[in-house]
Amino acid sequence: MTLRKLPLYATGLAVFLWTVIPIYHLFVIALSPAQEAVASGLVPKHPTLQNFGLVLGAQHNLVQYFWYQLATSAFVAVMVSAITLAVGACANYAITRIRIRGGRAITNIALLTYLIPAAFLAIPMYKTMGYYRLVDNPWSLIFAMVALASPYAIWVMNQAARKIPRELDESAKIDGATTLQIFWHVYLPLMAPTLVAIGTYALLLAWNEYLYAFLMLATEARLTLSVALGNFLVFDDAPWALLMATGIIYALPPTAVYYAFRRYMVSGLTAGAVKS
Amino acid sequence: MSAVVLPAPAATPRRISDEAFWGAVLITPYLAVFALFVVFPVAYGVWLGSSPTAYRKLFQDPIFFSTIVNTIIFLLVAVNLKMLIALGLSGFFLHEERWVRWLSVLFLIAWAAPSIPTILSFRWMLNPEWGMVNALLFKWFQVEGPGWLTERHYGLGAAILVHIWKSLPFWTLILLAGRMAIPKDLYEAAAVDGATRWQSFRYVTWSSMRGLYITCVLLSTIWSLGDFNSVYLLTGGGPIDSTHVLATLGIRYLRQDQVDVALAAVIVAMPAVIPIVWFMMKRLSGEHVQD
């Protein structure tokens, strides 16, 4: 009996190690004093929280703008999430409930955006932001991320909206509700689980984004944290312990948000995929 | 005009115009975003990347051909390996033991956490001189570890590893959902017919999931083509520009202010990308028709 389960246990162990090793390493280095982050062993010899102290106190050249960068990351993420939700819900309502002409075509061209490799679109997007005079302005990143997130939002919302019976709209109409009242009082509450999933998705997408932020933002105090982390590498002898500590602080909020909304995320994510 | 009799019982004219009005208003924000930040950049990009000199410069750059080779290796190995492992793991996560459930929650962390810190963790771990991997190799086995990030093939291999590490949970989840959608009685019927485990995989699991699997492979191919982070943050395209893929090469030209060459590098991939996108569009939009 146990022997038959051996492959299962072996797979489990492999999955565990595969997942944990890079994250474990991140913590080992972050908890090591600067000089011990080099050729480190499996456990830190003199574990310390001093790296986290340096970051939170902004007491090192490389983290002197830490709090500004954290604020920029948060501002961009919240804005992208809110705008994507607003733009996506409005478009989805027009397409699936009002059934505007050309709704299907709009869904399809939106889908096309989703299929452009992100790094490819980044090049003309950067030049476009220059043309709009938005370079080095957080709004360039916000608009770019909304453009990348909203096609997926519309697609997932289209799948979800089909499950809401149209009879609800009809009966509200008979009761004399206007289009906007139906949107606000019937459609939005019923779509709430999907909106949570999409809002979280857009929030994390924006918080985690590196390339677009790296191209479009330049002033050090106005970078997002992801770009600030990448900039550690500019120095030949990057202070790795400090970098790992900053990385952990940067990674905690989105990971917590993901796990808090995991159920919504997973069902939203797989809703569209399974049927094909 | 009033003589025209409508055959269907229509709503009052006022309501139709109210709906049409709000339909137009509500779709406008998305159309504006799409026009300003997708259509315009793409058109601007095609225009900027349309000079023949850009392509001449690109083809004369010795890095270009090694980049094409790297990109093909990266896509073939990373995508297929990732999807095969995801297919296998989706079967593993089907087990209902409590610890498997917990492991599946933990497994998601690679997908949930932002990629930058973990890629940098890999980078430092694999550093040939100061990283933990080679330090432990030496301590435990007295072996001088290879230059994981300073030799072309190891560097590309490491980038593939990091790419797979990051995106494996996502695809496992999708394929797991696909497996869970297969009706249980198909397996029971196969068992009654005396099917072996391989046969029940081959004739039940695979034949139900083949379409989904192909969709995932194609989608993953396109997205992996746009993976800048795994290469840039791990090797930076080095040593001596030998581990670039098209995504990092394009951005490299852009940072050198050679926008036309950057766009040429992206546009040369289009003959491969467009057929996949076309095929995917048919698959994904076909789904809307189904119900």
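Here the structure is a predicted model, which means the values were calculated and not measured.

A. Here's a closer look at the overall build of chain A. Check the secondary structure of chain A and you find 12 helices and zero strands. Going from N to C terminus, chain A has its helices and strands arranged as α-α-α-α-α-α-α-α-α-α-α-α. With respect to the principal axes defined by its C-alpha atoms, chain A has extents near 75 × 65 × 35 Å. Nonlocal contacts in chain A, meaning residues at least 24 apart in sequence, comprise 76% of its contacts between residues at least 6 apart.

B. Fine view of the overall build of chain B. Counting its regular elements, chain B contains 14 helices and zero strands. Element order for chain B, N to C, with α for helix and β for strand: α-α-α-α-α-α-α-α-α-α-α-α-α-α. The globule rule puts the C-alpha radius of gyration for 291 residues at 19 Å, and the 25 Å found for chain B is more than 25% above it. In terms of overall dimensions, chain B has C-alpha extents of about 95 × 65 × 30 Å along its principal axes. Classification of the 291 residues of chain B by burial places 41% in the buried group. In chain B, once contacts between residues fewer than 6 apart in sequence are set aside, the share between residues at least 24 apart is 67%.

C. Here's a closer look at the packing of helix α3 (residues 66-97) of chain A against helix α6 (residues 138-161) of chain A. Residue and element names in this part refer to chain A. At a minimum axis separation of 7 Å, α3 and α6 run at an interaxial angle of 40°. Judged by the inter-axis angle, α3 sits oblique to α6. Crossing of α3 over α6 shows right-handed handedness.

D. Focus on the interface of chain A and chain B. Between chain A and chain B, the residue contacts involve 72 residues of the former and 74 residues of the latter. Here the residues of the side of chain A that touches chain B sort into 52 nonpolar, 18 polar and two charged.

E. Spotlight on unusual backbone geometry. Residues and elements named next belong to chain B. The backbone of Asp241 sits at a positive phi, close to 55°, despite the residue not being glycine. With respect to the helices, strands and loops of the structure, Asp241 is situated in the loop between α11 (229-232) and α12 (246-255). What makes Asp241 partly exposed here is the crowd of 18 C-beta atoms within 10 Å. Phi at Asp257 is positive, roughly 65°, even though this residue is not glycine. Tracing the backbone shows Asp257 in the loop between α12 and α13 (259-267).

F. Just the confidence of the model for chain B, in detail. Residue and element names in this part refer to chain B. Considering every residue of chain B, the mean pLDDT works out to 84; 92% of them sit at 70 or more. At the level of individual helices and strands, chain B shows its lowest average pLDDT in helix α14 (residues 270-290), which scores 75, and its highest in helix α3 (residues 62-92), which scores 92. A low-confidence stretch, residues 1-12 (pLDDT under 50), is modelled with one contact involving residues beyond four sequence positions or located in other chains. Interface confidence in the predicted complex, given as ipTM, is 0.87; pTM for the same model is 0.87.

G. Expanded view of the domain arrangement of chain B. Structurally, chain B comprises domain 1 (12-48) and domain 2 (62-290). If you average the C-alpha positions of domain 1 of chain B and of domain 2 of chain B, the two centres end up 35 Å apart.

H. Quick look at the domain arrangement of chain A. Residue and element names in this part refer to chain A. Examined at the domain level, chain A breaks down into domain 1 (3-56) and domain 2 (61-273). Domain 1 puts 11 residues into the contact, and the matching count from domain 2 is 12 residues. At the level of secondary structure, the elements contributing two or more residues to the side of domain 1 that touches domain 2 comprise α1 (6-30) and α2 (50-56). Residues that form the side of domain 1 that touches domain 2 fall into these classes: nine nonpolar, two polar and no charged.

I. Molecular detail of α3(A). The end-to-end C-alpha distance of α3(A), which contains 32 residues, comes to 45 Å, matching closely the 46 Å that a straight helix rising 1.5 Å per residue would cover. Just past α3(A), the residue A:Arg99 takes up positive phi, approximately 55°.

J. Spatial organisation of the nonpolar core. All names here are of chain A. Judged by nonpolar contacts, the single largest core of 168 residues is most densely connected at Val80, Ala122, Met145 and Val146. Per-element tally for this core: the top contributor is α6, with 17 residues. Apart from the residues lying within four places of it in its own chain, the contact partners of Val80 are Ile142, Met145, Val146, Ala149, Ala202, Leu203 and Ala206.

K. Just the confidence of the model for chain A, in detail. Residue-level pLDDT values for chain A average 86, and 96% of them are 70 or greater. Mean pLDDT across the secondary structure elements of chain A bottoms out at helix α12 (residues 262-273) of chain A, with 68, and peaks at α3(A), with 93.

L. Molecular detail of the environment of B:Ile182. Residue and element names in this part refer to chain B. Looking at where Ile182 falls in the secondary structure, it is placed in the loop between α8 (152-180) and α9 (184-192). Expressed as a C-alpha distance, the spacing of Ile182 and Ser208, which sit 26 residues apart in the sequence, is 7.0 Å. Sequence-distant contacts of Ile182, that is, excluding residues within four places in its chain, are made with Val204, Thr205 and Ser208.

What counts, and where the lines are drawn
Residues numbered from 1 in each chain as written. Chains lettered and ligands numbered in written order. Predicted model: local features only at pLDDT ≥ 70, side-chain atom pairs only at ≥ 80, totals over all residues. Helix = DSSP H or I, 4+ residues; strand = E, 2+ residues; numbered from the N terminus. Contact = placed C-beta atoms within 7 Å. Rg over C-alpha atoms; globule rule 2.2 N^0.38 Å. Buried ≥ 20, exposed ≤ 12 C-beta atoms within 10 Å, placed from the backbone. Axes fitted to C-alpha atoms, helices over the stretch in contact; angles between N-to-C directions. Parallel < 35°, antiparallel > 145°, perpendicular 65-115°, else oblique. Left-handed = near helix turned anticlockwise from the far one by under 90°. Nonpolar A, V, L, I, M, F, W, Y, C, P; charged D, E, K, R; others polar. pLDDT = per-residue confidence, 0-100. Domains from an automatic or database assignment. Expected span 1.5 Å × (residues − 1). Core = buried A, V, L, I, M, F, W, Y, C linked by C-beta atoms within 7 Å.

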